[in-house]
Amino acid sequence: MIKRILLSLVMLLVIAYLVVAVTAFNRKPDTQVCHDLELIIKDTVYAGFITKKEVATLLETKGINPVGKKMERIRTKTLEKELSKHPLIDQVECYKTPSGKVRMEVTQRIPILRVMSANGDNYYLDNKGTVMPPDAKCVAHLAIVTGNVEKSFAMRDLYKFGVFLQSNPFWDAQIEQIHVLSGKNVELVPRVGDHIIYLGKLDGYEKKLERVKMFYEKALNRVGWNKYSRINVEFGNQIICTKREQ
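Conventions used here
- Numbering of residues starts from 1 in each chain and follows the order in which that chain's sequence is written.
- The predicted nature of this model means local features are confined to residues of pLDDT at least 70 and side-chain atom pairs, given and counted, to a pLDDT of 80 or more, with totals for whole chains, interfaces and linings taken over all residues.
- By convention in this description, side-chain values take in all heavy atoms of the structure and omit both hydrogens and water.
- Only protein chains enter the accessibility calculation, which uses a 1.4 Å probe; a residue is then buried when its area is under 20% of its type maximum, exposed when over 50%, and partly exposed in between.
- Each helix is a run of DSSP H or I of at least 4 residues and each strand a run of E of at least 2, with the numbering of both proceeding from the N terminus.
- Starting at the helix axis, one direction is taken to each C-beta atom, and the arc is that of these directions.
- Contacts are residue-level and defined by heavy atoms, with any inter-residue pair within 4.5 Å sufficient.
- Strand pairing is assigned whenever DSSP detects at least two bridges linking the two strands.
- Between N-to-C directions, angles span 0 to 180 degrees; the directions come from axes that are lines fitted to C-alpha atoms, helices contributing only their stretch in contact.
- Between Lys or Arg on one side and Asp or Glu on the other, a salt bridge is scored when a side-chain nitrogen of the former is within 4 Å of a carboxyl oxygen of the latter.
- Buried Ala, Val, Leu, Ile, Met, Phe, Trp, Tyr and Cys residues form a nonpolar core when they are joined through side-chain atoms within 4.5 Å.

> Please clarify how helix α3 (residues 76-83) should be interpreted in this entry.
Given 3.6 residues per helical turn, the α-helix brings residues three or four places apart onto the same face. Taken together, the buried positions of α3 are T76, L79, E80, E82 and L83. One face of α3 carries all of its buried residues, which in axial projection span an arc of 165 degrees. Residues K77 and K81 are exposed on α3 and point more than 90 degrees away from its buried face. Looking at the buried positions of α3, the neighbouring elements they touch are α2 (52-61), β2 (89-96) and β3 (101-108).

Written out as structure tokens, the structure reads:
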């Protein structure tokens with residue numbers, strides 16, 4: 001009986017301590033001032049697109065930089081709304097910390113293709129099929145799209161092909177350039193091998209490239225990667241190869 005009473009008293013003391021600790025932790029003096037802006041890039045592979053200096057400058061321009069302001073007057077939803085307008089930011093979450101910081105967790109838009117069209121268009125396509133400006137400071141390897149590239153074709157069809165490349169390590173490393181011909185026919189320039197892969201229409205590109213990969217493994221590894229100048233898989237169920245002139 002005495003043990004139960006002692007145990008109950010201990011539990012009550014622990015609970016009382018936790019309540020006091022949490023209350024003290026969450027209590028912010030009216031005069032507490034934000035002393036730092038902390039930026040966390042969630043997609044660390046592409047870290048470098050957005051910098052703390054760039055964010056601070058943007059917020060300063062809008063007159064809402066939280067540093068130096070009282071914590072109680074800082075509106076995190078306002079910060080999120082302004083940062084979400086940035087062309088390189090996909091999602092952002094802002095919150096205050098008990099130590100007097102404003103922390104911003106940013107998810108960047110991920111580029112998957114660089115478009116440099118014959119009509120002068122120059123931009124990145126992200127993994128959601130939307131356009132990013134050419135000054136995105138991209139540090140990742142991306143295939144370059146050239147030729148007769150209409151923006152509607154890029155945002156609909158080429159975007160899907162870019163997502164395929166991004167999710168396929170072999171072809172993502174192999175394809176250096178995507179060239180769009182008239183009639184929206186496509187040819188690919190690989191990094192390894194002095195040849196062109198002619199896809200024709202993008203329809204069924206998964207099957208077409210799977211056939212090319214098998215051809216690589218069974219034929220080119222044996223006869224050499226520079227034997228052919230052109231590998232045509234326009235029809236998907238067959239490969240037509242053009243030998244390089246001697």
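> Help me understand the sheet that holds strand β11 (residues 228-232) in this model?
Hydrogen bonds between backbone atoms are what pair the strands of a sheet, whose relative direction is either parallel or antiparallel. One open sheet accounts for nine strands, arranged β6-β5-β4-β7-β8-β9-β10-β11-β12; its pairing is mixed. If you trace the sheet from one side to the other, it starts and ends with β6 (131-132) and β12 (240-243), each paired once. Both strand β7 (residues 143-147) and strand β8 (residues 175-180) contribute to a ladder of four bridges, which runs parallel. Residue pairing in the sheet places V145 in a bridge with I178 of β8. Of the strands in this sheet, β9 (186-190), β10 (196-200), β11 and β12 are in contact with helix α6 (residues 205-223), which crosses β11 at around 150 degrees.

> Any chance you could explain the pattern of salt bridges here in plain terms?
Side chains bearing opposite charge may pair, as long as their charged atoms lie close to each other. Scanning all chains against the criterion turns up nine salt bridges. Residue R103 is joined to E38 by a salt bridge in which the shortest nitrogen-to-oxygen separation is 3.0 Å. Residue R103 is found in strand β3, and its partner E38 is found in strand β1 (residues 36-41); the two are separated by 65 residues along the sequence. A salt bridge links D90 to K128, with the nearest nitrogen and oxygen atoms 2.9 Å apart. Of this pair, D90 sits in strand β2 while K128 sits in the loop between β5 (122-126) and β6, and the two are 38 residues apart along the sequence.

> What is the right way to read the nonpolar core from this model?
Soluble globular proteins: nonpolar side chains tend toward being buried together. If you look at the biggest cluster of nonpolar residues, it comprises 33 residues, and the most contacted ones within it are L158, F161, W171, I178, L188 and L199. With seven residues, α6 is the largest single contributor of residues to this core. By size, the runner-up hydrophobic cluster in this structure holds 21 residues, among which are I50, L59, I74 and V102.

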